[in-house]
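Residues per chain are reported as follows:
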Amino acid sequence: MPNSVDPVISAEKVGKHYGHFRVLQDCSFEVKNSEVVVICGPSGSGKSTLIKCLNGLEGFDEGRIVVDGVSVGDPQVNLTKLRSRVGMVFQQFELFPHLTVEGNVMLAQRRVLGRSTAEARERARMLLDRVGLLEHSAKYPKMLSGGQQQRVAIARGLAMDPKVMLFDEPTSALDPEMIGEVLDVMVNLAKAGMTMVCVTHEMGFARHVGSKVLFMDQGRIVETGAPESFFKNTQSERAQRFLKNILHPMGI
Amino acid sequence: MTVWSWSAFFEYLFSPFLLYGAWTTIWLTVVSALLGLMLGGVVAAARMSGIGWLEKVAFFYVWLMRGTPLLVQLVIIYTGLPQIGIKFEVVTCALLGLALNEAAYLSEIIRGAVQSVGIGQRNAATALGLTKFQAMRDVILPQATRVMLPMLGNSVNGLLKTTSLTSAISMEELLRRTNLLIQERFLTLELFVVASIYYLVMTSAWSLVQNWLEHRFGRGFEEEARLENAEQR
Ligand SMILES: Nc1ncnc2c1ncn2[C@@H]1O[C@H](COP(=O)(O)OP(=O)(O)OP(=O)(O)O)[C@@H](O)[C@H]1O
Ligand SMILES: [Mg+2]
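Residues numbered from 1 in each chain as written. Chains lettered and ligands numbered in written order. Predicted model: local features only at pLDDT ≥ 70, side-chain atom pairs only at ≥ 80, totals over all residues. Heavy atoms only, no water.

## Points about the overall build of chain B
Here comes step 1: When helices and strands are counted, chain B shows 10 helices and 0 strands.
Here comes step 2: Radius of gyration (C-alpha) of chain B: 22 Å, far over the 17 Å computed for a compact globule of 233 residues.
Here comes step 3: The C-alpha extent of chain B, read off along each of the three principal axes, is 70 × 60 × 25 Å.
Here comes step 4: The buried share among the 233 residues of chain B stands at 42%.
Here comes step 5: Pairs at least 24 residues apart make up 76% of the contacts formed inside chain B by residues separated by at least 6 positions.
Here comes step 6: On chain B, roughly 12,700 Å² of surface is accessible, and the fraction owed to carbon and sulfur atoms is 68%.
Here comes step 7: Here chain B contributes 17 positively and 16 negatively charged side chains, and the mean placements of these two sets differ by 7 Å. (Helix = DSSP H or I, 4+ residues; strand = E, 2+ residues; numbered from the N terminus. Rg over C-alpha atoms; globule rule 2.2 N^0.38 Å. Buried < 20%, exposed > 50% of the residue type's maximum accessible area, 1.4 Å probe, protein only. Contact = heavy atoms within 4.5 Å. Areas by Shrake-Rupley, 256 points an atom, 1.4 Å probe, with all protein chains shown as cover. Lys, Arg positive; Asp, Glu negative; His and termini not counted. Charge placed at Lys NZ, Arg CZ, Asp CG, Glu CD.)

What follows is the structure in structure tokens.
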């Protein structure tokens, strides 16, 4: 049984390759209860692959990942059970277009957790209210803006009462004026004590609520540190260059 | 050679004999479409099963049924099989031929539609803890249905007309009965015009059903089209 002081996620020397191409090498890190871990790094460095390994959406070849006491790579393990305790939010929202907003938040509650329709609806409405979208419950996703859709996606994940929430570039597909509304929801979530792993380049978010930052390059975790030290005393030359590029893209 | 006879035309237009033939065409279509859809679903599932030999069997089936004419398949079932001791009623032969053939085409439509639902949707369903079966039933298929409905609809439209091939194995549907009447008085044009009108009425009625179905399964997608139209204006 997982103990409350055990990390929610621990990854040890995780490695994965596609043919001869090594997507992940020797990736080790821990996420403790209520921590917010931010993963950043250049495009193609393996961030999405790593975060998908955490709930078994991707397999891996080497190392070990334990999430909420369950060894993800173990073929004996019932992954569907584990996944219901790990929320995930995607860059492209991935709401189910044939279901209403409320239907999106209710589906897995009913199918996976076995909640009654009434129970699931109550929980869905509570969470939609929390992300400020209660009045849109009956609409279909395509009728909402990107920022609104992403907030529904967050509510959908939260409805499963997850131990940890994974975010893969949740604001990268959004118009600039909508980024704030999604980050607000995430910040509130962090402040409420949710354990989170976020792939994001929103350095303001990392600074504000991040417990630690992992910097990835070419499939490796090159640098790990608390946000202040990561931003102030960036160690690796690669991370310095990366930060310079995203903070001052035009060199100014 | 006689000139066009209006009286014969109207007589045939409301002839119970032909009406019954049209009814046979309708239920042949409905039953073989439903059987074909079920079998097509099984074939599509086999082709996407990830089980090597099963995929090969399904592939072979589709290749065989789509690569040979339906008329040949019907004749093989009706006159060929009895040679090796397998004999069915005419109706059974007609339904079997139509359904087996339709299944091959429908399986490809189903497979294409299922694959058109992106990996992102699958990942989202999986990440929520849905099983493969639940993800298929609750997330993939409802979206795939919307994609495949127009194609399924066209396929049924085609089937309404394709059933006429079963006249070759003496199935008494609309075309066969039309031909039987032609033998009596040789009013070929009148009879074929009447038969065409029957087929037109049936295919048009189906179009209405098809529109309704597409509308019904389009929920959640129509708004998008409306917004896009508005943007273009
Ligand atoms: N199925 C696959 N087969 C082969 N290579 C793959 C596959 N999926 C991903 N890759 C490669 O693995 C590398 C890491 O991909 P990943 O999506 O994890 O990067 P990322 O850090 O999330 O990048 P981005 O910031 O662009 O999202 C990339 O070079 C990508 O081309
Ligand atoms: Mg990525």
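## A word on the sheet that holds strand E7 (residues 164-168) of chain A
All names here are of chain A.
Here comes step 1: Strand order across the open sheet formed by 6 strands is E6-E7-E8-E3-E9-E10, with mixed pairing between neighbours. What marks the edges here is a single partner per strand, and that holds for strand E6 (86-89) and strand E10 (220-225). If you compare each strand with its neighbour and ignore which way they point, the axes differ by 15 degrees on average.
Here comes step 2: Pairing analysis gives 5 bridges linking E7 to strand E8 (residues 195-199), with the strands arranged parallel. The partner of aspartate 168 across the bridge, within E8, is valine 199.
Here comes step 3: This element, helix H5 (residues 146-158), spans E6 and E7 of the sheet and lies at about 150 degrees to E7. (Pairing = 2+ DSSP bridges. Axes fitted to C-alpha atoms, helices over the stretch in contact; angles between N-to-C directions.)

## With respect to the packing of aromatic side chains
Here comes step 1: Under the counting rule described, the total for this entry stands at 9 aromatic pairs over all chains.
Here comes step 2: For the pair B:Trp4 and B:Trp6, a centre-to-centre distance of 5.5 Å together with 80 degrees between the ring planes defines the contact as edge-to-face.
Here comes step 3: The class of B:Trp4 is partly exposed, set by a relative accessible area of 30%.
Here comes step 4: Ring geometry for B:Trp6 and B:Phe9: centres 5.6 Å apart, planes at 90 degrees, overall edge-to-face. Pair noted here: B:Trp6 and B:Phe9 are both in helix H1 (residues 6-13), with a separation of 3 residues, about one helical turn.
Here comes step 5: B:Trp6 sits in the exposed class, given a relative accessible area of 53%.
Here comes step 6: Given a relative accessible area of 7%, B:Phe9 falls into the buried group.
Here comes step 7: Here the aromatic cluster, defined as three or more aromatic residues joined through ring pairs, consists of A:Phe215, A:Phe230, A:Phe231 and A:Phe242. (Phe/Tyr/Trp six-rings, centres within 6.5 Å; stacked < 30°, edge-to-face > 60°.)

## Describing the UniProt feature "domain: ABC transmembrane type-1" (unreviewed entry) in chain B
Here comes step 1: The UniProt record annotates "domain: ABC transmembrane type-1" (unreviewed entry) at residues 22-210 of chain B.
Here comes step 2: The straight-line gap between the two end C-alpha atoms of residues 22-210 of chain B is 20 Å; of that span, 82% is helix and 0% is strand. (UniProt positions renumbered as here; feature names shortened; annotations may be inferred.)

## Notes on the UniProt feature "transmembrane region" (unreviewed entry) in chain B
Here comes step 1: UniProt records the feature "transmembrane region" (unreviewed entry) for residues 20-46, 58-78 and 186-209 of chain B in the present numbering.
Here comes step 2: Taken end to end, residues 58-78 of chain B has its terminal C-alpha atoms 24 Å apart, with 90% of it in helix and 0% in strand.

## With respect to empty space enclosed by the protein
Here comes step 1: Taken as a whole, this structure holds 1 cavity of 30 Å³ or more when the rule is applied.
Here comes step 2: Taken as a whole, the largest cavity encloses approximately 40 Å³ of empty space.
Here comes step 3: Taken together, A:Gly87, A:Met88, A:Phe90, A:Arg156, B:Ala124, B:Ala127 and B:Leu128 form the lining of the largest cavity.
Here comes step 4: Secondary structure elements with two or more residues in the lining of the largest cavity: E6 of chain A together with helix H6 (119-127) of chain B. (1 Å grid on protein atoms, 1.4 Å probe; cavity = no way out; pocket = protein on both sides within 12 Å on 5 of 7 lines; lining within 4 Å. Points joined across faces, edges and corners; volume = space filled by probe spheres on them.)

## Notes on the site of ligand 1
Residue and element names in this part refer to chain A.
Here comes step 1: Residues in close proximity to ligand 1 include Tyr18, Phe21, Val23, Pro42, Ser43, Gly44, Ser45, Gly46, Lys47, Ser48, Thr49 and Glu169, which together make up its full environment.
Here comes step 2: With respect to ligand 1, the side chain of serine 43 contributes an N or O atom lying 2.6 Å from an oxygen atom.
Here comes step 3: A distance of 2.9 Å is found between an oxygen atom of ligand 1 and a backbone nitrogen or oxygen belonging to glycine 46.
Here comes step 4: Summarising the interface, the protein chains cover 59% of the accessible area of ligand 1, which totals 640 Å² for the free molecule.
Here comes step 5: Listed by contribution, the elements that provide at least two residues to the shell around ligand 1 are strand E2 (21-31) and helix H1 (47-54).
Here comes step 6: If one sorts the elements of the shell around ligand 1 by residue count, H1 sits on top with 3 residues. (Near = heavy atom within 4 Å. Polar contact = N/O pair within 3.5 Å; in protein donor to acceptor, adjacent residues only side chain to side chain.)

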